[in-house]
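Coordinate inspection notes
Listed below, chain by chain, are the residues.
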Amino acid sequence: MARKNSNPGETQVQEELGGVLQHAEATSVLLRELVAHLRQNRTQLREEWARRITEAQLLTAMSKEEVFAEATSVYDNYVEALETGTFEALQAYARNLSERIIPRGVETHEVVGIVLLLRDVLARSLFAKYQADFTKLNRILDAYEPAANRIANTVAVGFVQERERVIRQQQEAIRELSTPVLQVRERLLILPIIGVIDPQRARQLTEQLLRGIRTNRAKVVVIDITGVAAMDATVANHLVQTVEASRLLGATVIVTGLSPEIAQTIVNIGVDLGKMNTVGDLQGGIEQAERLLGYKVVPQAAGS
Amino acid sequence: MEVPILKQGDFLIATVQAALTDADLLHLRTALVQHVVRSRSRGVIVDVTSLDVMDSFASRTLRDLDHMIRLRGAETVIVGIQPEVAFAMVQLGLRLEDVATALDLEEGLAYLNQKFKSST
């Protein structure tokens, strides 16, 4: 660095600037050294890491060979990210990895765990290498830590994002599974509800049912909620509203398949189901509906 | 807008043709309550198919109408509430409790016929 200027202020600025530049330069030099070290000891460190992963009982959903194969590619990507200082490749790899391992039930803590383990394994090898020269070790760690943190961050965030994407996709798929309004007999509809009901779906259900009542000229509707696992106050109120609205169209609603848990919840919440017609199961519901409509189902006599 | 009231056998049929003001509703109620005994009708059908809004005043008037008609010795059925109207009504808490409802005019007539057949 040239320091010819006599102006003290400027000198100081230049010195600081020089310091920063020097520091950045030093960091890249150190990282290069670090990368060389990691490349040299690739086999040994990689094995050490895979061993620690097994020891910590992470990635138990994968076989030993798979863990080792993934460990190898994570290791190489890791070293590359350290070397180039760019994270795009690593990000893409993390996404790809997450895509592969999420369906196999790998949890977030496992992914974060293995990245932190790698960080630990590498830091230990640096300690071992530079233990004689404490200042050098310090500088190496100064260069290594921020990069390693960023890598861990990138991988973890990539995993969580992928997970969230999967969840969103599934939610959409569930929403798109329309609930059918089925006609079983003239003027008798059934509406089997399966899965989680959120306010949006409840609204959609009600609209579909009311339209169904109108087009099929239904007099009785059986709503079967055997497939509904849980019900909160909002959903229970929606159900009551659906029943009321159907009545305004001149249709009687029979609700079937209330589980013991839902029955308890509803009573505890205090939703007024007094005006609701409930029957234990779908069969009973259809039988009662047939009675209301004046149907009588008689088994054919044998031989006739 | 005046609502025409037609006599059909034992029943009176009032078909709402367009949106009604509060005054129209009260007028309809009075006319029906007067008419029902004069024409010796046993049932009244109010057809609201063409209404796309039912506010609290309208539903209260219809409920009162039902109670008054019952006091005059006849039955009332409200027919033709649209699905969207029904949904909006329950969301507003307008439930038309105790008032008989049917899908359309045909259903309303069937309901009344059934009712009087079983009572005689």
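As shown above, the structure is provided for reference.
Each chain has its residues counted from 1, following the order in which its sequence is written. Chains and ligands are labelled sequentially in the order written, the chains with letters from A and the ligands with numbers from 1. Per-residue local features are limited, in this predicted model, to residues with pLDDT of at least 70; the limit for side-chain atom pairs, both in listing and counting, is 80 or more; totals at the level of whole chains, interfaces and linings are taken over all residues. Values reported for side chains reflect all heavy atoms of the structure, with hydrogen atoms and water molecules removed beforehand.

Examining the interface of chain B and chain A
- Contact criterion: two residues are considered in contact whenever any of their non-hydrogen atoms come within 4.5 Å of each other. Taken together, the contacts link 21 residues of chain B with 19 residues of chain A.
- Simply put, the buried area is the total loss of 1.4 Å probe accessible area from both parts when two parts are fitted together. Both faces combined, the contact of chain B with chain A buries some 1,900 Å², and carbon together with sulfur accounts for 54% of it.
- A per-residue breakdown of the area chain B buries against chain A is headed by Phe 87, Arg 95 and Leu 103 of chain B, which together make up 35% of the total.
- One speaks of a salt bridge when a side-chain nitrogen belonging to Lys or Arg is within 4 Å of a carboxyl oxygen belonging to Asp or Glu. For the pair chain B and chain A, the number of links is five salt bridges.
- Of the charged contacts, one joins Arg 187 of chain A and Glu 107 of chain B as a salt bridge, the two residues approaching to 2.5 Å between their closest N and O atoms.
- N or O atoms closer than or at 3.5 Å make up a polar contact, with two conditions inside protein: a donor-capable atom paired with an acceptor-capable one, and, for residues adjacent in sequence, both atoms drawn from side chains. Put simply, chain B and chain A have ten residue pairs in polar contact (both at pLDDT 80 or more) between them.
- Taken together, the elements giving at least two residues each to the side of chain B that touches chain A come down to helix H3 (83-91), strand S5 (100-102) and helix H4 (105-119) of chain B.
- At six residues, H3 of chain B tops the list of elements feeding residues into the side of chain B that touches chain A.
- Per-class residue counts for the side of chain B that touches chain A are eleven nonpolar, four polar and six charged. Helix and strand definitions follow DSSP, with helices as H or I runs of at least four residues and strands as E runs of at least two, each counted in order from the N terminus. As a working rule, the residues Ala, Val, Leu, Ile, Met, Phe, Trp, Tyr, Cys and Pro are called nonpolar, Asp, Glu, Lys and Arg charged, and the rest polar, with Gly in that last group.

Here's the deal with the pairing of strand S1 (residues 182-185) of chain A
Residues and elements named next belong to chain A.
- Strands qualify as paired when DSSP identifies two bridges or more between them. As judged from the three bridges shared by S1 and strand S2 (residues 188-194), these two strands associate in the antiparallel manner. Its bridge partner lying in S2, Arg 185 is registered against Leu 188.
- Where S1 folds back onto S2 in an antiparallel hairpin, the turn is made up of two residues, including Arg 187, whose phi is positive at roughly 70°.

A few points about the sheet that holds strand S4 (residues 75-79) of chain B
All names here are of chain B.
- Ordered in space as S1-S2-S3-S4-S5, the five strands form an open sheet in which the pairing is mixed. The open sheet has two edge strands with one neighbour each: strand S1 (5-8) and S5. Averaged over all neighbouring strand pairs, the angle between strand axes comes to 25°, with direction disregarded.
- Inspection of the sheet shows strand S3 (residues 43-47) paired to S4 by five bridges, in the parallel sense. Each residue of the ladder has a partner; that of Val 44, found in S4, is Thr 76. Where helices are involved, their axes are fitted lines through C-alpha atoms of the stretch in contact, as for all axes, and angles between N-to-C directions lie from 0 to 180°.

A few points about the pairing of S1 of chain B
Residues and elements named next belong to chain B.
- Looking at chain direction, S1 and strand S2 (residues 11-15) are connected through four bridges and run antiparallel. Paired with Lys 7 across the bridge in S2 is Leu 12.
- Between the antiparallel neighbours S1 and S2 lie two residues, among them Gly 9 with a positive phi of about 60°.

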